[in-house]
Structure formats: C-alpha cells, structure tokens
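Structure at a glance
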Amino acid sequence: MRKLEFGWFLPTAGDTTAYGLASAQIPPSLELFDKVVAAAEAAGFEYMLVPVQTACWEAWISSAMMVARSKSIRMLVAARPSYINPVLLAKMISAFDQLSGGRICINLIAGQSEAENASEGIRWGKEERYEIMDEEVTLLKKLWTQHSVTHDGKFYKLDKAQIRPHPLQKPYPKFYLGGGSRQAWEISAKHSDVHLFWGDTYERIRANMAEIRGMAATHGRENDIGFGMRLQIVCRETEEEAWDFAHELVAHASEAQKAFVKERFATSEANRRVRELAAVGEVIEKNLFTGITKVRPGAGIAVVGTPEQCADTLQNFIDLGCHSFCLSGYLHDEEAERFGKWVMPILRGRNRERMLAA
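Quick caveat: nothing in here was measured; it's all calculated off a predicted structure.

Okay, the packing of aromatic side chains next. Overall, the coordinates contain 15 aromatic pairs when judged by the stated rule. Pairing Trp 8 with Phe 45 gives two aromatic rings, centres 4.9 Å apart and planes at 40 degrees, and the pair type is tilted. With Trp 8 in strand E1 (residues 5-9) and Phe 45 in the loop between helix H1 (30-43) and strand E4 (47-49), this pair connects stretches of sequence that are 37 residues apart. Residue classification places Trp 8 among the buried positions, given a relative accessible area of 0%. A residue is classified by how much of its surface remains accessible, and Phe 45, at 3% relative accessible area, is buried. Each member of the aromatic cluster is reached from another via a ring pair, and the members are Phe 6, Trp 8, Phe 45, Phe 325 and Phe 339.

What follows is the structure, encoded as structure tokens:
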C-alpha cells in the first residue's frame, strides 16, 4: 500500500475564472506564483506540477525561483527529449536536488503538439522523441549512480562522462510520466515511478493499470511502478454552485479557441482520448466533467461537486489503485485553499495510514 500524495499546478501561463473572457484573465507574475505555491503548501500538497507549453514561463527557472521562495513543496519539472544535453540535464537536476534539500521530481514529456515542437526547433517526430527519452533517462540514471559513464547509443555518445554532485535523493529523484500512447506506456513501464492518467472512466483506468503493470513486469518492475491521476477540481459548498462555476469556466470560449485546441494537439493520444470522452457527453462518471477539455489542451477532465462528492470521486480512484493525485483548479490559489480545508480532511479520515500529510 503506497502512501498517498497530492500535487498541485503552478499556472505559469496565467490564471482565469472564465476561458475566453478577457476580464477574467490573470497574467503570470511572481506575485501570482507566490500566492499559488503558498496556498498549495498550506493545504498539504507535496509537489507542484510546472508546465512547459509555449504560453508558459520557462519551467526550470520558475521552479528554481519558487523552491527558493517556499518551505517544503517539491517541484515536478519536465525533462523533454532533445531539449537539453543529458549530461547537462543530469548536472542541473543533481544541483537542484542538493541545493533544495531533495525537492525535485522529474516529469517525462515527449510533447503534445507537433506544431509546437517544430516551432521550437525540435526536428524529431513523436516516435523518435520517445526513443530519445528512453536513451536520455537511461543515461541520467547511469550518470547519477556511476563514477564514470561511457555510452555509444543511437542519439548520444559519451566518453567517460562524470557529474558532480550526485543527487541527494537516493538513488535519484522520482520520475513521473503522463502519456496515453503505447510508446509512453513502454517508457513508464521501464522508467517511471508514477504513471499519471488523465481523467477517464473507472473501467478504463483499471484496465490500463493492469496493462501497464504487465508491461513493467517484463522489466522486473511490476512492483516498482505506481499510478496516479491528473485532474481538475471544482469544489464548492453546494453541488449547484460547483456546476454553475464549471459551466461558466467554459461558457465564453470562442469556436476559434476550441478549434485551436483540437487541431494543434491532434496527434497526442492522450488529447485524442479526452476529446473522445467529451464527445460521449458532459459527464463520463458521476461528478466527472468533460467540458474543460474543449477549451484547454491536456488534462481537462474535472471533478465537480461538494467536498464530499469530490472526496468520493478521488476515493474511487484510490480504491482502484491510484496513489498520486496531480490536481488543479480555478483560481489556483483559492481552489487549493478550498481543497485543503474541505476535501483533504475527508480523505485523511478515510486513508489515515496512507496520507503523507497526516
């Protein structure tokens, strides 16, 4: 039985209470980031997911700044294939880990948008990016645990590479991955500590967990890989208030914005799946809302309801075997506060022996 952990989201592209409504937008700033991180720490979250899309402020600099301005929360920062030389990346993560007292974990992201990758000079296709990711993570682990690394691979060649320091966390920081393709699952099976699913039906999550665990068994890791959920949260005192806010959040998005989200991220298997769910209907399970998937890329399935209903929904995923929950909500500081005040105590009461922030 793994300990339960809860992560929150740092909105480095800004925050909002209504997509598509100019007056509802809050631009990114140090003040905003401070408010969100402070609220997440106070609520009992253990880590912050720091995004990396084009609209976002640079993740490594933002993470380093926020870990220095906070007390305990870890940063979940993306390692994207071919963006950073793996030796330099190993040094960056090790230095971050040592200087922060072990407050970093690594998010493996191959990239949701081919157009975005091309705009940033990444010439590799999706399949090759996953191959590069596999080789890079293999190298990171070797560089962190061996005195010297010589490697002759498909994408990198190293001759007696060394790094200093090695990570504080032993043997190295945890790896998370949230992809929906078979290649993503293979990387998780081989390397990840946590595979994060985006919202889906309970039946689908159960089946996917079993399949990925079986894939991990081929690497002798069936007991090493854990599972979690990446979800949005809309929690209010009454169910009516929660659904009113959820609908208002997406009511002002233009057709052009919806088309952009659909087309720019069309090659992502995970994005394809949430669009498929949204086409089925507004609700895929009780209190699981698909509406946000139409106005933002990524994990847009939202838990909507009262504190008890939100806790019930998350408990269903816990009972399936998920132990890590990477959440976000609007506004991010206010929703983190609500979650910490209303939902966290319910989950703690039901899972006291498994809560890290007991």
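So, next bit.
Further remarks concern the pairing of E1. In regular strands, side chains alternate between the two faces of the sheet. For E1, a buried count of 5 out of 5 residues is recorded, marking the element as mostly surrounded by other parts of the structure. Neither face of E1 is open: one carries Glu 5, Gly 7 and Phe 9, the other Phe 6 and Trp 8, and all of them are buried. Here 3 bridges tie E1 to strand E15 (residues 324-328), and the two strands are oriented parallel to one another. Residue pairing across strands places Glu 5 opposite Ser 324, the latter belonging to E15. Bridge analysis of E1 against E4 gives 3 bridges, and the strand direction is parallel.

The next subject is the pairing of strand E11 (residues 226-235). Of all 10 residues in E11, 10 are buried; the element is thus mostly enclosed. Here E11 shows no split at all, with Gly 226, Gly 228, Arg 230, Gln 232 and Val 234 on one side and Phe 227, Met 229, Leu 231, Ile 233 and Cys 235 on the other all buried. With 5 bridges joining them, strand E10 (residues 194-198) and E11 adopt parallel strand pairing. Among the inter-strand pairings, Val 194 is bridged to a residue of E11, identified as Gly 226. A crossover links E10 with its parallel partner E11, the connecting element being helix H7 (residues 202-217), and its sense is right-handed.

Time to look at the pattern of salt bridges. Applying the stated criterion to the full structure yields 12 salt bridges. The closest approach of N and O atoms between Glu 5 and Arg 74, which form a salt bridge, is 3.3 Å. Here Glu 5 is found in strand E1, whereas its partner Arg 74 is found in strand E5 (residues 74-79), with 69 residues between them in sequence. Assigned by exposure class, Glu 5 and Arg 74 land together as buried. A salt bridge links Arg 350 to Asp 312; the nearest nitrogen and oxygen atoms lie 2.8 Å apart. Taken together, the residues Arg 350 in helix H12 (residues 332-350) and Asp 312 in helix H11 (residues 307-320) connect sequence positions 38 residues apart. By relative accessible area, which is 36% here, Arg 350 ends up partly exposed. By relative accessible area, which is 33% here, Asp 312 ends up partly exposed. Each of Glu 5, Arg 74 and Lys 174 takes part in a single network of salt bridges with overlapping partners.

On the surface, a cluster of negative charge is contributed by Glu 237, Glu 240, Glu 241, Asp 244 and Glu 248. Structurally, Glu 240 is set in helix H8 (residues 239-251). Judged by relative accessible area, which is 59%, Glu 240 ranks as exposed.

Conventions adopted
- Residues numbered from 1 in each chain as written.
- Predicted model: local features only at pLDDT ≥ 70, side-chain atom pairs only at ≥ 80, totals over all residues.
- Heavy atoms only, no water.
- Phe/Tyr/Trp six-rings, centres within 6.5 Å; stacked < 30°, edge-to-face > 60°.
- Helix = DSSP H or I, 4+ residues; strand = E, 2+ residues; numbered from the N terminus.
- Buried < 20%, exposed > 50% of the residue type's maximum accessible area, 1.4 Å probe, protein only.
- Pairing = 2+ DSSP bridges.
- Right-handed = clockwise from strand over helix to strand, strands pointing away.
- Salt bridge = Lys/Arg side-chain N within 4 Å of Asp/Glu carboxyl O.
- Patch = residues over 30% accessible without salt bridge, like charges linked within 9 Å, V, L, I, M, F, W, Y side chains within 5 Å.
- Areas by Shrake-Rupley, 256 points an atom, 1.4 Å probe, with all protein chains shown as cover.
- Lys, Arg positive; Asp, Glu negative; His and termini not counted.
- Charge placed at Lys NZ, Arg CZ, Asp CG, Glu CD.

Function cannot be inferred from these measures alone, as they are strictly geometric.
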